Amino acid sequence: MANIAAKRIKREFKEVMNSEEVAGGYIKLALVNDSWTELQGTIVGPPDTPYEGGTFQLEIKVPETYPFNPPKIRFVTKIWHPNVSSVTGAICLDILKDQWAAALTLRTVLLSIQALLSAAEAGDPQDAVVAKQYRESQQLFLLTARHWTNVYAGGPSAIWEFDQKVQRLLDMGIDEHEARVALSHYDWELERATEQLFS
Amino acid sequence: MGFEIKRFQGDVDEELICPICSGVLEDPLQAPACEHAFCRACINEWISRQPTCPVDRQAVTASQLRPVPRILRNLLSRLCTSCDNAPHGCNAVLKLDSLASHLVECEFNPKRPMPCEAGCGLVIPKDELAEHNCVRELRALITSQQGKLTDFQQELAEQRLIINEHKRELALLKEFMRAMRISNPTMRALADQMEREEVIRWANSLTRARVTRWGGMISTPDDVLQVMMIKRSLSESGCPPHIIDDLMENCHERRWPPGLSSLETRQNNRRLYEKYVCKRVPGKQAVLVLQCDNTHVDEHMMVEPGLVMIFAHGIE
Ligand SMILES: [Zn+2]
Ligand SMILES: [Zn+2]
Ligand SMILES: [Zn+2]
Ligand SMILES: [Zn+2]
């Protein structure tokens, strides 16, 4: 790994570890290997959002050319959010792309991702299905996001009705995650989801 | 790229840290409006990708970057750092502005060039001295030089081949020219010109000769022995073929100009000899007095295309 990238990451790692956010338990950072090329980030879902109470894992890959190019970051924990792919976890965030600046750090990036959970950018979606729901049926979106947070990120609030519908599809022999994706995509209409799954 | 922060004694002010490499600023430059400072190498690298300030993303181009204020430079130069070679045992603690001059002479630099003391004459980086083996190194040197020699020899052979090729072509061309000359006056003038130039080129390639004893001149040389030897030597020195026979004729006093044609006239004109520009006939006790070298000499002392004078001795 290029000397400058390793040097920066070491320093940033220390910066995150000494930060208030880590002390307050809002973000975390851990090493994945000795070469400082890959790290694991953790953010806590912000209060007053459907992600509240959830803990989200992020995969952070540091390119050889860091900090001249941004780190590559994606959600490992599945999440229902207009700016995150519900399939791959890819994040649509300007500072991870053309708005990257060399003085940004892992700490500022993690906090920006956390802020994205509080304020989605529906105009610049990463997941078109989620974005459509976000625009057209806010209530359903909030419930779906909370449900995903409960199931995948350890969030506190279970949505009994959604759990029931997933269970129905499970009973038909459908994989659990596949069932949840189909239902989420079809605004929890069991019939349309079933139709799509068996077509 | 900036200096590793751990190398400095005490805390380093955040102002002196490069936001790009997170090291202590090295040769810093600042953005014009926001005055954010970066190492020169770091900010140039960033701007080559994106013309903005890496901290606040204001538009900045490379030409807008400025040196940082003197106060910042003073703060930097006063920082105390360890030597680059600290891991190799250098304990020096230096002000940042004297680090560069220290590094040039730091004895702990593992790459410092050292002459081998065992006598092979090679200069080797200090850290390779322990592993150094004169015989092995010299052997490697010989092998590499033999390789080069083989390459050169091969190239030489190829060049020789090419030269022979060219010679043949040249001979054909000359043949062609001669044929042309006979039929065309312009060509004749051109060919004469080329021949004259060829003679001058050859004359310039010969070394000057000094005659110490004009008395040693042989005015009636032996045709077979002396004249043939001289002819071969001239030919080898690159004498243009169209004058070689004329020159050989001019070895003998019977073809010499009026001022030289008899013992008597020679005695009278002796003092004029010193005016001659003479050239060596390589390897022989003989000189060439070419007309093209001696346009300043009286007419009665010169003939076309020049004289050949053979001596018993006294040529330097
Ligand atoms: Zn720097
Ligand atoms: Zn700036
Ligand atoms: Zn030193
Ligand atoms: Zn030696």
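Residues numbered from 1 in each chain as written. Chains lettered and ligands numbered in written order. Predicted model: local features only at pLDDT ≥ 70, side-chain atom pairs only at ≥ 80, totals over all residues. Heavy atoms only, no water.

The name given to chain B in an unreviewed UniProt entry is E3 ubiquitin-protein ligase NRDP1, and the organism recorded there is Bicyclus anynana. In its Pathway (unreviewed entry) section, the UniProt record describing chain B reads: "Protein modification; protein ubiquitination." Turning to chain B, the UniProt record has this under Catalytic activity (unreviewed entry): "S-ubiquitinyl-[E2 ubiquitin-conjugating enzyme]-L-cysteine + [acceptor protein]-L-lysine = [E2 ubiquitin-conjugating enzyme]-L-cysteine + N(6)-ubiquitinyl-[acceptor protein]-L-lysine." (UniProt positions renumbered as here; feature names shortened; annotations may be inferred.)

In the nomenclature of an unreviewed UniProt entry, chain A is known as E2 ubiquitin-conjugating enzyme of Bicyclus anynana. Database annotation for chain A, UniProt heading Sequence similarities (unreviewed entry): "Belongs to the ubiquitin-conjugating enzyme family."

Caption draft 1: The sheet that holds strand β2 (residues 38–44) of chain A, seen in detail. Residue and element names in this part refer to chain A. Spatial ordering of the open sheet is given by β1-β2-β3-β4, a layout of four strands whose pairing is antiparallel. Both outer strands of the open sheet, β1 (27–31) and β4 (72–75), are each paired with one neighbouring strand and no more. Taken over all neighbouring pairs, the strand axes of this sheet differ in orientation by 25 degrees on average, direction set aside. Packed on one face of the sheet, helix α1 (residues 3–17) meets β1 and β2 and runs near 140 degrees to β1. (Pairing = 2+ DSSP bridges. Helix = DSSP H or I, 4+ residues; strand = E, 2+ residues; numbered from the N terminus. Axes fitted to C-alpha atoms, helices over the stretch in contact; angles between N-to-C directions. Contact = heavy atoms within 4.5 Å.)

Caption draft 2: Molecular detail of the UniProt feature "domain: RING-type" (unreviewed entry) in chain B. Per the UniProt entry, the sites bearing "domain: RING-type" (unreviewed entry) are residues 18–57 of chain B in this numbering. Secondary structure over residues 18–57 of chain B splits into 25% helix and 15% strand, and the C-alpha atoms at its two ends are 16 Å apart.

Caption draft 3: Broad picture of the side chain of Q133 of chain A. Residue and element names in this part refer to chain A. You can see Q133 is positioned in helix α4 (residues 128–136). When its relative accessible area of 4% is taken as the criterion, Q133 is described as buried. Other than its neighbours up to four places away in sequence, Q133 contacts W80, Q138, L140, F141, T144, S184 and D187. (Buried < 20%, exposed > 50% of the residue type's maximum accessible area, 1.4 Å probe, protein only.)

Caption draft 4: Expanded view of the packing of helix α5 (residues 138–152) of chain A against helix α6 (residues 160–171) of chain A. Residues and elements named next belong to chain A. For the pair α5 and α6, interaxial distance at closest approach is 10 Å and the crossing angle is 70 degrees. For the element pair α5 / α6, the angle class is roughly perpendicular. For the pair α5 and α6, the crossing hand works out as right-handed. Across the interface between the two elements, L140, L143, T144 and H147 from α5 touch F162, D163 and V166 from α6. A per-class count over the contact of α5 with α6 returns four nonpolar, two polar and one charged. (Parallel < 35°, antiparallel > 145°, perpendicular 65-115°, else oblique. Left-handed = near helix turned anticlockwise from the far one by under 90°. Nonpolar A, V, L, I, M, F, W, Y, C, P; charged D, E, K, R; others polar.)

Caption draft 5: Examining the UniProt feature "domain: UBA" (unreviewed entry) in chain A more closely. Following the UniProt record, one finds the feature "domain: UBA" (unreviewed entry) at residues 161–199 of chain A. Secondary structure content for residues 161–199 of chain A is 77% helix and 0% strand, while the C-alpha to C-alpha distance between its ends is 24 Å.

Caption draft 6: Summary view of unusual backbone geometry. Residues Y66 of chain A and P67 of chain A are joined by a peptide bond in cis, for which omega reads 0 degrees. As for its position among the elements, P67 of chain A is in the loop between β3 (55–61) and β4. Of note, the phi angle at D27 of chain B is positive, near 50 degrees, even though the residue is not glycine. By the secondary structure assignment, D27 of chain B is in the segment before β1 (28–30).

Caption draft 7: Quick look at the interface of chain B and chain A. Taken together, the contacts link 20 residues of chain B with 17 residues of chain A. Broken down residue by residue, the surface that chain B buries against chain A is led by M1, W46 and R57 of chain B, which jointly contribute 34%. In this assembly, chain B and chain A are joined by one salt bridge. Of the charged contacts, one joins R11 of chain A and E14 of chain B as a salt bridge, the two residues approaching to 3.3 Å between their closest N and O atoms. When its residues are assigned to classes, the side of chain B that touches chain A shows eleven nonpolar, four polar and five charged. (Buried area = accessible area lost by both parts, 1.4 Å probe. Salt bridge = Lys/Arg side-chain N within 4 Å of Asp/Glu carboxyl O.)

Caption draft 8: A look at helix α2 (residues 70–78) of chain B. Residue and element names in this part refer to chain B. Of the residues making up α2, those classed as buried are L72, L76 and S77. Taken end-on, α2 shows its buried residues confined to a sector of 130 degrees, consistent with a single buried face. Exposed residues pointing more than 90 degrees away from the buried face of α2 are listed as R70, I71 and R78. Elements in contact with the buried residues of α2: β1, β2 (37–39) and β5 (93–95). (Arc of directions from axis to C-beta.)

Caption draft 9: The arrangement of the environment of P32 of chain B in detail. Residue and element names in this part refer to chain B. In this fold, P32 is placed in the loop between β1 and β2. Taking relative accessible area as the criterion, P32 reaches 31% and is therefore assigned partly exposed. In the structure, P32 is positioned 32 residues away from Q64 in sequence and 6.3 Å away in space, judged by C-alpha atoms. Ignoring sequence-local partners within four residues, the contact set of P32 consists of V60, Q64 and R66.

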